[in-house]
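Notes for the structure review
Chain residues, written in single-letter form:
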Amino acid sequence: MAVVCCVAGFFIGVVYRKRVAESAVGSAEIQAENILEEAKRAAEAKKKEVLLEAKEESIRTKNEAEKEAKERRNEQLRTEKRLIQKEEALDRKSESYEKKEELLQSKLEALEQQKTEAGKVLAKHQQELERISGLTREEAKAYLISTIEHDARLEASMMLKDLEAKTRIEADKKAKDILSGAIQRCAMDHVAETTVSVVSLPNDEMKGRIIGREGRNIRTLESLTGIDLIIDDTPEAVILSGFDPMRREIARIALEKLILDGRVHPARIEEMVEKAKKEVEAQIREEGEAATFETGVHGIHHELVRLLGKMKFRTSYGQNVLKHSIEVAHLCGLIAGELGADINMAKRAGLLHDIGKSVDHDLEGSHVSIGVALCKKYRENEIIINAVESHHGDVEPANVISIITQAADAISASRPGARRETLESYIKRLQKLESIADAFSGVEKSFAIQAGRELRIIIIPEEVDDATLPMLARDVAKKIEAELEYPGQIKVNLIRETRAIEYAK
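One structure accompanies this document, and this report is about it.

Time to look at the overall build of the chain. When helices and strands are counted, the chain shows 14 helices and eight strands. Residue burial in the chain is summarised as follows: out of 505 residues, 30% are buried. At a minimum sequence separation of 6, the contacts of the chain that also span at least 24 residues come to 59%. By element, 56% of the accessible surface of the chain is carried by carbon and sulfur atoms, the whole surface being about 33800 Å².

Structure below.
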């Protein structure tokens, strides 16, 4: 019974659960159908709403397009109206210009007629003037021009003479300063003999390595030293060209180091140039100390000793300035000994008299003014300062040491072989001087004397009068300045004389 009850209960439970499930499925289907119906109604409402919005947007767009088209039509109408007005204005202006052109044409015809009549009257008057004066038009013009030119030159000559007389005294000192600086710094023909150095190469292959790829090595060396490297067909040699001997020496040392090292590239070039600069600086100090030791001058400021060493790389008319200074110091000592003056002070003045030349390429002013400034800066004795300042006659010597220094400087500079100039260039310069003077009218003969420092010109007295003589001298001087390069100054000396000879019998 128990088993039967369990089985019966099981089947009853199964049947009950089946019915419950069938009722749940039916209710779910009903809910799904309700949801579908609500979704369809919502979709229809959304569809109607979207269609309504699209319709409203279409209507609004259409209205805006119609409004814009209407505005464009109005703007087009206004533009057409303005164009019509401008066209009418242009037509009116065109008519006005045509009337003005006709008026101007008539006036032009009247002017042409008046011009023709005036030309006839002018020709008639010109013929009458030629008849009265007895000169043609060209002859009268030439006479008038020559008269005006003569009067103008005469007046200018008188004014020039007065101005020169008034300013000669005031300008004398300043002219000396300017000329001394110009003499020292000017580049003369013979400078080319002392502006090149030759560096030997082990072989011609080294030339290509010095030049480098696309010339980068040679450009680096030139830019670092400021010296031009000339690499030509000269076998196993490179030429260094430059007016600064110190830079040329730095370039020579650096190039020789690069050749020995064998590695030539921009970085190595910079390193060797720096080493060469240090070597040259050390050499400068050694040369300055050697100069003071040789002359027996002690107690000089170390910076002045360095500047003395720099003078080894400075030349004046082919004469080494350091050797010249040492020679002047010895001469000053000898002269001072003979005169009973202070030998040590005289040697010191002679050694330092050209100290300004060591830096005159770097500073403004003559080497005299620079030397005075340096001596004052490093507290040299007033006697030394006056000797430096007066050794070229810029100021009056204030003591016997200054006079001794001036004399010793002149002796050292003027002794045979001290200063040189190429004979060929010297002769050419003298010939050029004389040819410049001979080219002027009224010159009978010219002579270049005193080694080209004076040009003496003999004037034909019948062609040049005393009033125009200063103007002719000025013209000759100006032409010399424009066409020649020369040291110092050239004196243009014009001589005009009239002689009357009679014999008593």
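On to unusual backbone geometry. The backbone of E214 shows a phi angle near 55°, a positive value even though the residue is not glycine. Here E214 shows up in the loop between helix 3 (205-211) and helix 4 (216-225). Notably, R379 is not glycine yet its phi reads approximately 55°, a positive angle. With respect to the helices and strands, the residue R379 is situated in the loop between helix 10 (367-377) and helix 11 (382-390).

Turning our eyes to something else, we now look at the sheet that holds strand 8 (residues 491-495). Each strand in a sheet pairs with its neighbour through backbone hydrogen bonds, running either in the same direction (parallel) or in the opposite one (antiparallel). With respect to topology, three strands assemble into an open sheet ordered 6-7-8, the strand pairing being mixed. Every other strand in the sheet has two partners, leaving strand 6 (443-449) and strand 8 as the edge strands with one partner each. Across the sheet, the mean angle separating the axes of adjacent strands is 20° when strand polarity is ignored. Relative to strand 8, strand 7 (residues 454-459) is paired through five bridges, and the arrangement is parallel.

Charged atoms that come close allow side chains of opposite charge to pair. A full pass over the atoms with the stated rule returns 19 salt bridges. Ionic pairing is found between E256 and R252, a salt bridge with its closest N-O pair at 2.9 Å. Of this pair, E256 and R252 both sit in helix 5 (residues 245-261), four residues apart, roughly one helical turn. R306 serves as the salt-bridge partner of E303, at 3.2 Å between the closest nitrogen and oxygen. Taken together, the positions of E303 and R306, both in helix 7 (residues 302-310) and three residues apart, correspond to about one turn of that helix. Accessibility assignment for this pair places E303 and R306 in one class, buried. Each member of the salt-bridge network shares a partner with another, and the members are D261, R263, R268, E271 and K275.

With respect to the element layout, G242 can be found in the loop between strand 3 (237-241) and helix 5. Take G242: its relative accessible area is 12%, and that puts it in the buried class.

Right, let's get into the environment of G333. Checked against the element boundaries, G333 lands in helix 8 (residues 321-339). Distance from G333 to G350, taken between C-alpha atoms, is 8.5 Å for residues 17 residues apart in sequence. Those residues in contact with G333 that lie beyond four places of it in its chain are I343 and K347.

Here we come to the side chain of S446. Structurally, S446 can be placed in strand 6. Residue classification places S446 among the buried positions, given a relative accessible area of 2%. Here the side chain of S446 touches E434 through a polar contact of 3.1 Å, landing on its backbone oxygen. Setting aside its immediate chain neighbours within four residues, S446 contacts E434, A437, D438, L455, R456 and I457.

A word on the environment of E389. Structurally, the position occupied by E389 is in helix 11. For the pair formed by E389 and H367, sequence separation is 22 residues and the distance between their alpha carbons is 9.5 Å. Those residues in contact with E389, other than ones at most four positions away along the chain, are V368, V372, D394 and V395.

This part covers helix 9 (residues 343-352). The element helix 9 is extensively covered by neighbouring structure, given that seven of its 10 residues are classed as buried. All buried positions along helix 9 are accounted for by M345, A346, R348, A349, G350, L351 and L352.

Taken together, the side chains of V3, V7, F10, F11 and V14 define a hydrophobic patch exposed on the protein surface, amounting to about 480 Å² of accessible area. Position of F11 among the secondary structure elements: in helix 1 (residues 2-133).

Between helix 4 and helix 6 (residues 266-295), the least distance of the axes is 9 Å, while the angle of their chain directions is 30°. In this view, helix 4 runs roughly parallel relative to helix 6, as classed from their interaxial angle. Between helix 4 and helix 6 the crossing geometry is right-handed. Side by side, helix 4 and helix 6 meet where R216, N217, T220, L221, L224 and T225 of the first sit next to P266, I269, E270, V273 and K277 of the second. Grouping the constituent residues of the contact of helix 4 with helix 6 by class yields five nonpolar, three polar and three charged.

Counting residues in hydrophobic clusters, the biggest one holds 34 residues, and the most contacted among them are I300, L304, L308, L351, I355, L374 and I384. Residue assignment for this core shows that the elements contributing at least two residues are helix 7, helix 8, helix 9, helix 10, helix 11 and helix 12 (400-414). Of all the elements, helix 8 adds the most residues to this core, at seven residues. Excluding residues within four positions of it along the chain, I384 makes contact with M345, R348, A349, L352 and C375. Of all hydrophobic cores here, the second largest spans 26 residues; its members include M206, I218, V238 and V280.

This part is about the sheet that holds strand 3. Ordered in space as 1-3-2, the three strands form an open sheet in which the pairing is antiparallel. Sheet topology places strand 1 (196-200) and strand 2 (228-230) at the edges, where each strand pairs with a single neighbour. Strand after strand, the sheet turns through a mean of 25° between neighbouring axes, direction not considered. In terms of strand pairing, strand 2 meets strand 3 through three bridges, oriented antiparallel. Bridged to I230 within strand 3 is I239.

Thresholds applied
Every chain's residues receive numbers from 1 upward, in the order its sequence appears when written. Two thresholds apply to this predicted model, a pLDDT of at least 70 for residue-level local features and 80 or more for giving and counting side-chain atom pairs, whereas whole-chain, interface and lining totals are computed over all residues. Based on all heavy atoms of the structure, the side-chain values leave hydrogens and waters out of the count. Runs of H or I in DSSP of at least four residues are treated as helices and runs of E of at least two as strands, each being numbered from the N terminus. When accessible area is computed with a 1.4 Å probe and restricted to protein chains, residues below 20% of their type maximum are described as buried, those above 50% as exposed, and intermediate ones as partly exposed. Contact definition: two residues touch when any of their heavy atoms are within 4.5 Å. Throughout, the Shrake-Rupley method with a 1.4 Å probe supplies accessible areas, and for residues the shown protein chains are the sole cover considered. Two strands qualify as a pair provided that DSSP identifies no fewer than 2 bridges between them. Fitting a line to C-alpha atoms yields each axis, with helices limited to the stretch in contact; the angle taken between N-to-C directions then spans 0 to 180 degrees. For this document, the term salt bridge refers to a Lys or Arg side-chain nitrogen within 4 Å of an Asp or Glu carboxyl oxygen. In protein, a polar contact means a hydrogen-donor-capable atom and an acceptor-capable atom, both N or O and within 3.5 Å, with residues adjacent in sequence counting only if both atoms are side-chain atoms; elsewhere, any N or O pair within 3.5 Å suffices. Patch membership requires over 30% relative accessible area and the absence of a salt bridge. Like charges are linked within 9 Å, and nonpolar side chains (Val, Leu, Ile, Met, Phe, Trp, Tyr) within 5 Å. When an angle is under 35 degrees it counts as roughly parallel; over 145 it counts as roughly antiparallel; between 65 and 115 it counts as roughly perpendicular; any other value is oblique. Take the far helix as the reference: if the near one is turned anticlockwise from it by less than a right angle, the crossing is left-handed, and if turned clockwise, right-handed. Put simply, Ala, Val, Leu, Ile, Met, Phe, Trp, Tyr, Cys and Pro go in the nonpolar bin, Asp, Glu, Lys and Arg in the charged bin, and everything else, Gly too, in the polar bin. Here, the term nonpolar core denotes a set of buried Ala, Val, Leu, Ile, Met, Phe, Trp, Tyr and Cys residues that are joined through side-chain atoms within 4.5 Å.

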